[in-house]
Amino acid sequence: MKTVVITGSSKGFGLEMGKEFLNQGYHVAFSGSNEQNLNNAIRSITFDGEKVASMLCDVRNRDDLQNLWDVIFKKWGRIDLWINNAGIAQKAEKLWHSSTADVKNVIETNLLGTFYGTQVAVNGMLKQGFGKVYNTVGFGSTGMIRTGLNLYGTSKHAVAHFTKAFANELKGTGLIIGTLQPGMMVTDFVNAADGSIYNKSEVQNIYNILGDLPDVPAKYLVKKMIDNNTNGKLLTWLSNTKVIFRFIKHLFVKRDLFNTDAHQK
Ligand SMILES: NC(=O)c1ccc[n+]([C@@H]2O[C@H](COP(=O)([O-])OP(=O)(O)OC[C@H]3O[C@@H](n4cnc5c(N)ncnc54)[C@H](OP(=O)(O)O)[C@@H]3O)[C@@H](O)[C@H]2O)c1
């Protein structure tokens, strides 16, 4: 049976991707850095015990990622897909206000965590002879600039570049690496992004126009990842056409993604 490992899958988008992979008949390894979040995640899903593993893994630590590969490979004998999804938001503030700890944490989690995860997965996949790696990007990956999101945007821009460059390096190996662009999702991430620049209602307004609960892009992108056989592919949920359509739709239909407990999943 095919296997997927997802970093940062104890909540939000990662958890929803894991659930969808279970629906598609995969073995799924869920992971995160916080034990309570991970336990809550496992309690929230219905599954046949043989199909699910959960492991603590802090992506800022390469040894944790290597251990995640080793344990899951030993358990199921193959890893078909590895998704570097763990990521954190920045407080919306101008970069000169950001603390050293915040800068370090965002870069170590979003960028170095993806670097290390990709290295570990590719080394393992080269030995097993097959596999696909996907890296989750977000705001900044297309080069868009917004006041207060410099740190996060830089980290995701770098992940997009790194993934493209890695695809070039993987040519001829038979392995595939690609980029996942899930759009804007109402998860804990949105609250973490609170800061001095934008107030809550401004942030919620734009999410209500363009955003989704995380299960929506997860369902769409899991299928795309399974079907994709092209190295270097960018898999996008919120296309430019969809953005235009959503702005027009917003003139007629108002959504309130924050007034539901669905996003607490
Ligand atoms: N929400 C959006 O609008 C949006 C848009 C585009 C892209 N994204 C990206 O989508 C990904 C998932 O975000 P989300 O919206 O689902 O946020 P979320 O609900 O906050 O989930 C983030 C996940 O990453 C894990 N994580 C955080 N720090 C970690 C660390 N050091 N080591 C391992 N795991 C860690 C969290 O678990 P623990 O805290 O338990 O470790 C959690 O499972 C991120 O890469 C984010 O940048 C989000």
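Structure's up top.
Presented here is a report on the structure given in the accompanying data block. (Residues numbered from 1 in each chain as written. Predicted model: local features only at pLDDT ≥ 70, side-chain atom pairs only at ≥ 80, totals over all residues. Heavy atoms only, no water.)

1. Examining empty space enclosed by the protein
Rules: Points on a 1 Å grid, built from protein atoms alone, make a cavity when a 1.4 Å probe fits but cannot get out and make a pocket when they are open with protein on both sides within 12 Å along at least 5 of 7 lines; residues with an atom within 4 Å of a point are the lining residues. Grid points are joined across faces, edges and corners, and a volume is the space filled by probe spheres set on the points. Strands are runs of DSSP state E lasting at least two residues, helices are runs of H or I lasting at least four, and both sets are numbered from the N terminus onward. Charged residues are taken to be Asp, Glu, Lys and Arg, nonpolar residues to be Ala, Val, Leu, Ile, Met, Phe, Trp, Tyr, Cys and Pro, and polar residues to be all remaining types, Gly included.
Evaluated as defined, the whole model comprises two cavities of 30 Å³ or more. Reported here for the largest cavity is a volume of approximately 60 Å³. In terms of lining residues, the largest cavity is bounded by Asn208, Ile209, Arg246, Lys249, His250, Val253 and Arg255. Only α7 (200-210) and α9 (240-250) provide two or more residues apiece to the lining of the largest cavity. Take the lining of the largest cavity: its biggest share by element is three residues, from α9. Across the lining of the largest cavity, the residue classes break down as two nonpolar, two polar and three charged.

2. Here we look at the pairing of strand β4 (residues 81-84)
Here is the rule we go by: For every residue, the accessible area (1.4 Å probe, protein chains only) is compared with the maximum for its type, and the residue is labelled buried under 20%, exposed over 50%, or partly exposed between those bounds. Think of it this way: DSSP has to see at least two bridges between two strands before they count as a pair. Clockwise travel from the first strand over the helix to the second, with the strands pointing away from the viewer, marks a crossover as right-handed.
Because side chains alternate across β4, one face comprises the buried residues Leu81 and Ile83, and the other comprises Trp82 and Asn84, equally buried. Across three bridges, strand β1 (residues 3-6) lies against β4 in parallel orientation. Along β4, the bridge assignment pairs valine 4 with leucine 81. The pairing of β4 with strand β5 (residues 132-136) spans four bridges and is classified as parallel. Along β5, the bridge assignment pairs isoleucine 83 with tyrosine 134. Crossover handedness for the path β4 to helix α4 (residues 100-128) to β5: right-handed.

3. So, the side chain of glutamate 20
Inclusion rule: Only four residue types enter the tally: Lys and Arg on the positive side, Asp and Glu on the negative side; His and the chain ends are excluded. Here, a salt bridge means any Lys or Arg side-chain nitrogen found within 4 Å of an Asp or Glu carboxyl oxygen. The contact criterion used is simple: two residues touch if any of their non-hydrogen atoms lie within 4.5 Å.
Take glutamate 20: it is sitting in helix α1 (residues 12-23). One buried charged residue, glutamate 20, forms no salt bridge at all, with the nearest opposite charge on lysine 219 at 5.0 Å. If we ignore the near neighbours within four places in the chain, the residues touching glutamate 20 are Ala218, Lys219 and Val222.

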